[in-house]
Structure formats: structure tokens, C-alpha cells
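Examination of the molecular architecture
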Amino acid sequence: FMAAVAVFGFTTINAQEKTTTGGFSNGDLYVSGTVGFNSTKQGNVKSNELSFLPTVGYFVSDNIALEFSLLVGTGEDAAEDKTSTFGAGLGATYFFTPSDQFSFTVGAGVSYATAKEEFNGGGEVKANAFGFAVAPGVNYFVSSCIALRASIGALSYTSVKEDFDGAEARNDFGLNLDLSNINFGITYKF
């Protein structure tokens, strides 16, 4: 899907400089929703995660949009332990060709989230997380106000600390630019 969007976008860019279908400019306001799915399997152990990230963005210049996001996530592993996550984030996205129908993007942001893991046999663990990420992506307008959005992988740092006395923080640093971390979304421009 990403390859098809990229090829179509390159074709569109080469065929015309500006398009009348969509595009952003300074002062535009938009809402976006991104859905992510991750499935991990090692031997007989499998886990699934689903996340939803509604975002509100505002263009403060021709190429830069400031964004506020909420994060809602859920997951379950092979032992039927369940995880729920809620958080918020602030960030900025740079659009390379915002007034065109197709644009590459780079977004950066910070986030804070709380998570709760409920074990199948009883009991729960709560954790707090702080993160920073930079992610490449694409934006493609299918009409004058609706665009498809996708991000692929990220350069990220996350610090997670469980909520009990004596807990130590777990710090993760990652660079993931393959197809194991793809988020798709839809944007509506007002």
C-alpha cells in the first residue's frame, strides 16, 4: 500500500507542480485519526496491540503544523493478560510540499502515558511512560479536505517506570524504519 501511494505521489508530483485537489497552507486547522496494530510472536507466545491516536493540528507556518494528540491503546498476550494505555502528546510535523496533493512529512513529538496491565490470574501493575519520537511519513489528499496519512517506523526514546516502591525505570532507544511499525490515518482539513 505504501509503495503504491509513493509511486502515485511521485507520478502526481512529476505531472504537475500544483494541484487543486487538497493541500495545506498557513492557518489551516485539521483533525486526524491514526490506527496502529502490532503483532509479536516468539515460539508459542503471541501478543497483539491496537492503538488509536486522535490528533488536532494547526499550521503555524507554510510547512509546520503543531499537533496535540491523545493516545488510547489496548493489548493482550497469549496468557490473556490485558494492557490498557491512555496518554497525550505534543508535537510538530514538517510537510515538505504542503500545498501539493502529495507530501512527505517528518514529525517529532513528546508524549506521556499511563498503562495498566491486568493479569489473567489476578492482580495488576501500573506504569507511567515518557517518550520522544521522530517519524517519517506521507500525506496524500484524496479530495479538497480529506487526506490519507501514514508514518513508517521511528527514531524513539521511551522511559517506563512501574508504579510501586523501589521500581526502576526501563529506558528504550530505538531506530525502526522497516514495515514492522506502520500507522495509517485519515485527516480532515477544515
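Moving on, we get to the overall build of the protein chain. A tally of helices and strands in the protein chain yields one helix and ten strands. A burial count over the protein chain gives 29% of its 190 residues as buried. Considering only intrachain contacts with a sequence separation of at least 6, the fraction spanning at least 24 residues in the protein chain is 56%. Here the protein chain has roughly 11200 Å² of accessible surface; of this, 60% comes from carbon and sulfur atoms.

Here we take up the packing of aromatic side chains. Taken as a whole and judged by the stated rule, the model has ten aromatic pairs. With a centroid separation of 5.1 Å and 85° between ring planes, the pair formed by Phe102 and Phe104 is classed as edge-to-face. One aromatic cluster in this structure is built from Phe24, Tyr30, Phe59, Phe95 and Phe141.

Turning to the environment of Gly174, a few remarks are in order. Note on placement: Gly174 falls in strand β9 (residues 170–176). For Gly174, a relative accessible area of 23% translates into the label partly exposed. Residues in contact with Gly174, not counting those within four places in the same chain, are Ala154, Leu155 and Ser156.

The side chains of a regular strand alternate between the sheet's two faces. The sheet contact formed by strand β1 (residues 29–42) and strand β2 (residues 45–59) spans 14 bridges and is antiparallel. The residue bridging Asn38 from the neighbouring strand is Glu49, located in β2. Here β1 hands over to β2 after two residues, with Gly43 in that stretch at a positive phi of 65°. Pairing between β1 and strand β10 (residues 182–189): seven bridges, direction antiparallel. The partner of Gly33 across the bridge, within β10, is Ile186.

Next up on the list: the nonpolar core. Listed in full, the seven residues of the largest apolar core are Phe24, Tyr30, Phe59, Ala65, Phe95, Phe141 and Ala147. Those residues within four positions of Phe59 in sequence are excluded, and the remaining contacts are Phe24, Ser25, Asn26, Gly27, Asp28, Tyr30, Ile64, Ala65, Phe95 and Pro98.

Another point: the environment of Ser61. Looking at where Ser61 falls in the secondary structure, it is placed in the loop between β2 and β3 (64–77). A residue is classified by how much of its surface remains accessible, and Ser61, at 25% relative accessible area, is partly exposed. When the C-alpha positions of Ser61 and Ser25 are compared, they lie 7.5 Å apart, and in sequence the two are 36 residues distant.

Mean pLDDT over the protein chain: 83, with 87% of residues reaching 70 or higher. This model gives residues 1–19 a pLDDT under 50, and the stretch forms 22 contacts once residues within four places in sequence are excluded.

Further remarks concern the pattern of salt bridges. Between side chains of opposite charge, a pair can form when the charged atoms approach closely. For the structure shown, the criterion picks out two salt bridges. Where Arg149 meets Glu67, a salt bridge forms, and the shortest distance between an N and an O atom there is 2.6 Å. Here Glu67 lies in strand β3 and Arg149 lies in strand β7 (residues 146–152), a separation of 82 residues in the sequence. Since its relative accessible area comes to 17%, Arg149 is described here as buried. As a salt-bridge pair, Arg170 and Asp172 come within 3.3 Å of each other at their nearest N and O atoms.

Another aspect to go through is the pairing of β10. Summarising the sheet, β7 and β10 pair through seven bridges and their orientation is antiparallel. For Ser151, the partnering residue across the bridge sits in β10 and is Asn183.

As for its placement among the helices and strands, Val142 is situated in the loop between β6 (124–141) and β7. Sequence spacing of Val142 and Phe102 is 40 residues, and the spatial spacing of their C-alpha atoms is 9.4 Å.

With that settled, consider the side chain of Thr55. Along the chain, the position of Thr55 falls in strand β2. Taking the relative accessible area as the measure of exposure, Thr55 reaches 7% and is therefore buried. For Thr55, the side chain forms a polar contact with the side chain of Ser69, separated by 2.9 Å.

The rules behind these values
- Residues numbered from 1 in each chain as written.
- Predicted model: local features only at pLDDT ≥ 70, side-chain atom pairs only at ≥ 80, totals over all residues.
- Heavy atoms only, no water.
- Helix = DSSP H or I, 4+ residues; strand = E, 2+ residues; numbered from the N terminus.
- Buried < 20%, exposed > 50% of the residue type's maximum accessible area, 1.4 Å probe, protein only.
- Contact = heavy atoms within 4.5 Å.
- Areas by Shrake-Rupley, 256 points an atom, 1.4 Å probe, with all protein chains shown as cover.
- Phe/Tyr/Trp six-rings, centres within 6.5 Å; stacked < 30°, edge-to-face > 60°.
- Pairing = 2+ DSSP bridges.
- Core = buried A, V, L, I, M, F, W, Y, C linked by side-chain atoms within 4.5 Å.
- pLDDT = per-residue confidence, 0-100.
- Salt bridge = Lys/Arg side-chain N within 4 Å of Asp/Glu carboxyl O.
- Polar contact = N/O pair within 3.5 Å; in protein donor to acceptor, adjacent residues only side chain to side chain.

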